[in-house]
Amino acid sequence: MPNEPVLALRGISKRFGAVQALTDIDLEVRAGEVVALVGDNGAGKSTLVKAIAGVGPADEGVVEWEGRPVQVSRPHDAQELGIATVYQDLALCDNIDVVGNLFLGREILRAGVLDEVEMERRSRELLQTLSIRIPSVRIPIASLSGGQRQTVAIARSMLGEPKLVILDEPTAALGVEQTAQVLDLVERLRERGLAVILISHNMADVKAVADRVAVLRLGRNNGTFDVKTTSQEEIISAITGATDNAVTRRKARNAEVAK
């Protein structure tokens, strides 16, 4: 695994009026690594993802991409760098087929007309490469299961050849078999050398596919843990604050000294 992170966040802070949503957040993700971002509701996970994706840029701090500082002020900036985000709502159109959804906004034209044949060919190739099985690329998205929809949304993010994929609660509300489909795909993304940030409340999913777990608590870092050497109970304790991590204690002491 390369030493240099694909993405590194240094001292990221974000405020909404009187509410301090994020305070001095650090995070690193490397190629071929799945980092789970976990925390209770209101911990700041969504705010941090939006800062990375350019939807809600940070007020303070530095975003480094492949070792150099960059500005991510809008979604286009993130996409240009190679950051793809799959949000929980998936943003799929139920009445359009799989091909149409994969190329929505990226349609291929030939002589000013949609090149349906080429888009279908590329769709089949992409799904085959990712080992995604669906009945047909020409059936409406509404006909697919929740797990199949999720895999199509992830596949769509791959069209831009990203280096980092952010998955926001990809297994929420899925059954056991559908969850297994999605987790298999996450592992295939890692095998392809992509960096993956997985936002999840499901500790079983986290333990199944993540290499490291970054815990947020009340908008602050509350520890980063190696999945293989850390128990589920330790991670949950960091999430709930039952045992504050040393990172939090140290920052609290520094804050008191600074007053």
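Residues numbered from 1 in each chain as written. Predicted model: local features only at pLDDT ≥ 70, side-chain atom pairs only at ≥ 80, totals over all residues. Heavy atoms only, no water.

A. A look at the overall build of the chain. Counting secondary structure elements, the chain contains nine helices and 12 strands. In summary, the chain has a C-alpha radius of gyration of 19 Å against a globular reference of 18 Å for 259 residues, a match within 12%. Taken over the C-alpha atoms alone, the chain extends approximately 65 × 40 × 35 Å along its principal axes. Across the 259 residues in the chain, those meeting the buried criterion constitute 47%. (Helix = DSSP H or I, 4+ residues; strand = E, 2+ residues; numbered from the N terminus. Rg over C-alpha atoms; globule rule 2.2 N^0.38 Å. Buried < 20%, exposed > 50% of the residue type's maximum accessible area, 1.4 Å probe, protein only.)

B. Up close: helix α6 (residues 176-191). Here α6 spans 23 Å end to end across 16 residues, near enough to the 22 Å set by a 1.5 Å rise per residue. Looking at the buried side of α6, the elements it contacts are β3 (34-38), α5 (146-157), β9 (164-168), β10 (195-199) and α7 (203-209). Note on α6: the residue one or two positions beyond its end, G193, has a positive phi of about 90°. (Expected span 1.5 Å × (residues − 1). Contact = heavy atoms within 4.5 Å.)

C. Spotlight on helix α8 (residues 232-240). Along α8, the residues classified as buried are I235, S237, A238 and I239. G241 sits one or two positions beyond α8 and adopts a positive phi of about 85°.

D. Looking closely at the side chain of D205. Counting through the fold element by element, D205 comes out in helix α7. Ignoring any residue separated from it by four or fewer positions in sequence, one finds D205 in contact with T171, T179, L183 and S200.

E. Just the environment of R149, in detail. Within the element layout of this structure, R149 appears in helix α5. Residue R149 is classed as partly exposed on the basis of its relative accessible area of 23%. C-alpha separation for the pair R149 and L90, spaced 59 residues apart in sequence, amounts to 8.0 Å. Ignoring sequence-local partners within four residues, the contact set of R149 consists of L90, L92, D94, I141, A142 and L144. Looking at R149, its side chain comes within polar contact range of the main-chain oxygen of L144, at 3.4 Å. (Polar contact = N/O pair within 3.5 Å; in protein donor to acceptor, adjacent residues only side chain to side chain.)

F. Molecular detail of the sheet that holds β9. Across the sheet, which stays open at both edges, the six strands sit in the order β6-β9-β10-β3-β11-β12 with mixed pairing between neighbours. Looking along the sheet, the strands with just one partner apiece sit at the ends: β6 (83-86) and β12 (220-226). Strand-to-strand twist across the sheet, computed as the mean angle between neighbouring axes with direction ignored, equals 20°. Strand contacts of helix α1 (residues 45-53): β3, β6, β9, β10 and β11 (212-217), with the helix running at about 135° to β3, the strand carrying the most contacts. Taken strand by strand, α5 contacts β6 and β9, and its axis lies near 165° from that of β6. (Pairing = 2+ DSSP bridges. Axes fitted to C-alpha atoms, helices over the stretch in contact; angles between N-to-C directions.)

G. A nonpolar patch on the surface, seen in detail. Together, L109, V113 and L114 make up an exposed nonpolar region whose accessible area comes to about 290 Å². You can see L114 is positioned in strand β8 (residues 113-114). Using a relative accessible area of 42% as the deciding quantity, one classes L114 as partly exposed. (Patch = residues over 30% accessible without salt bridge, like charges linked within 9 Å, V, L, I, M, F, W, Y side chains within 5 Å. Areas by Shrake-Rupley, 256 points an atom, 1.4 Å probe, with all protein chains shown as cover. Salt bridge = Lys/Arg side-chain N within 4 Å of Asp/Glu carboxyl O.)

H. Representation of the environment of M203. Inspection of the secondary structure assignment puts M203 in helix α7. Residue M203 is classed as buried on the basis of its relative accessible area, which comes to 8%. With 55 residues separating them in the primary sequence, M203 and Q148 have C-alpha atoms 22 Å apart. In this view, M203 contacts V38, Q232, I235, I236 and I239; residues no more than four positions away in its chain are not counted.

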